[in-house]
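# Chain and residue survey
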Amino acid sequence: MSSAHERATAGFLVWRLSMKWRVAVDRAVGPLGLTHAQYVVMASLYGMARSGLRPSQRRLADHTGLEALYVSKLVRALETAGLVARTRDPDDPRAMQLSLTEPGREVTARAITVVQGLLDQLLEPLGGQDGPRARQFTRELATLLDAPLDPYTEHEEEQS
């Protein structure tokens, strides 16, 4: 760890790593006509489709951690570009089911390959994606993502 990072808080390091990752993915998928956020939507749709799902915008938002309104905006842009299709959910006329078009699947497959190369680079100092340190790191990240985080809890307790 560099000396500049030795005294850094975990929050600061999470922020820096997330920004490093976001910038790298943006640069990597830019030549494919995508932004990082669009890549997240498309790669998530790709994976969900492989599991036999045609998610609604709400379900996709929940899956990605993006705000539903932002997912809607991203999906509209991807639909205009011919990469995503939106159809009414036969079980819920208020909901739109999402799927990748054939060009969308092709772009997504290429983007996933590019991003996997970035992930290889990122995790190389931990022994690569399949190394025990990287697997432990992934488990620790999942633990942090599963932990509740409510910015109002502490503030509400102070006012009681």
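Shown above is the structure to which this text applies.
Residues numbered from 1 in each chain as written. Predicted model: local features only at pLDDT ≥ 70, side-chain atom pairs only at ≥ 80, totals over all residues. Heavy atoms only, no water.

## Digging into the pairing of strand 1 (residues 84-89)
Along any regular strand, the residues point their side chains to alternate faces of the sheet. The test is simple: When DSSP finds two or more bridges between a pair of strands, those strands are recorded as paired. Put simply, DSSP H or I for four residues or longer makes a helix, DSSP E for two residues or longer makes a strand, and each gets a number counted from the N terminus.
Pairing of strand 1 with strand 2 (residues 92-100), which is carried by six bridges, proceeds in the antiparallel orientation. Residue Asp-89 lies in a different strand from strand 2, and its bridge partner there is Asp-92. Hairpin connection between strand 1 and strand 2: a loop of two residues separates the two successive antiparallel strands.

## Overview of the layout of surface pockets
Taking a probe equal in size to a water molecule and rolling it over the atoms shows the remaining empty space. Under the convention used in this document: Both site types are read off a 1 Å grid over the protein atoms alone. A 1.4 Å probe that fits but cannot get out defines a cavity, while an open set with protein on both sides within 12 Å along at least five of seven lines defines a pocket; lining residues have an atom within 4 Å of a point. Grid points are joined across faces, edges and corners, and a volume is the space filled by probe spheres set on the points. Ten residues, namely Ala, Val, Leu, Ile, Met, Phe, Trp, Tyr, Cys and Pro, are considered nonpolar, four, namely Asp, Glu, Lys and Arg, are considered charged, and the remaining ones, Gly among them, are considered polar.
Size it by volume and the largest pocket reaches roughly 1600 Å³. What lines the largest pocket is a set of 30 residues, and nearest its centre among them are Leu-17, Ser-18, Leu-122, Phe-137 and Leu-141. Breaking the lining of the largest pocket down by element, the ones donating at least two residues are helix 2 (10-29), helix 6 (102-123) and helix 7 (132-146). Per-element tally for the lining of the largest pocket: the top contributor is helix 2, with eleven residues. Along the lines of polarity and charge, the residues of the lining of the largest pocket split into 19 nonpolar, six polar and five charged. Approximately 560 Å³ is the volume found for the second largest pocket. Taken together, 20 residues form the lining of the second largest pocket, with Trp-21, His-36, Val-40, Ser-44 and Thr-64 sitting closest to its centre.

## Digging into the side chain of Ser-44
Let me state the cut-off plainly: The contact definition used throughout considers only heavy atoms, calling two residues in contact when any of these lie within 4.5 Å.
With respect to the secondary-structure elements, Ser-44 resides in helix 3 (residues 36-50). Ignoring sequence-local partners within four residues, the contact set of Ser-44 consists of Tyr-39, Leu-60, His-63 and Thr-64.

## Describing the packing of helix 3 against helix 6
To be explicit about the condition: Axes here mean lines fitted to C-alpha atoms, for a helix over just the part in contact, with angles spanning 0 to 180 degrees between N-to-C directions. An angle below 35 degrees is read as roughly parallel, one above 145 as roughly antiparallel, one from 65 to 115 as roughly perpendicular, and any other as oblique.
The geometry of helix 3 relative to helix 6 is characterised by a closest axis approach of 10 Å and an angle of 105 degrees between their N-to-C directions. One way to sum up the angle between helix 3 and helix 6 is to call them roughly perpendicular. Taken together, the residues of helix 6 that come into contact with helix 3 (itself represented by Tyr-39, Met-42, Ala-43 and Tyr-46) are Gly-104, Arg-105, Val-107, Thr-108, Ala-109, Ala-111, Ile-112 and Val-115. In terms of residue class, the contact of helix 3 with helix 6 is built from nine nonpolar, two polar and one charged.

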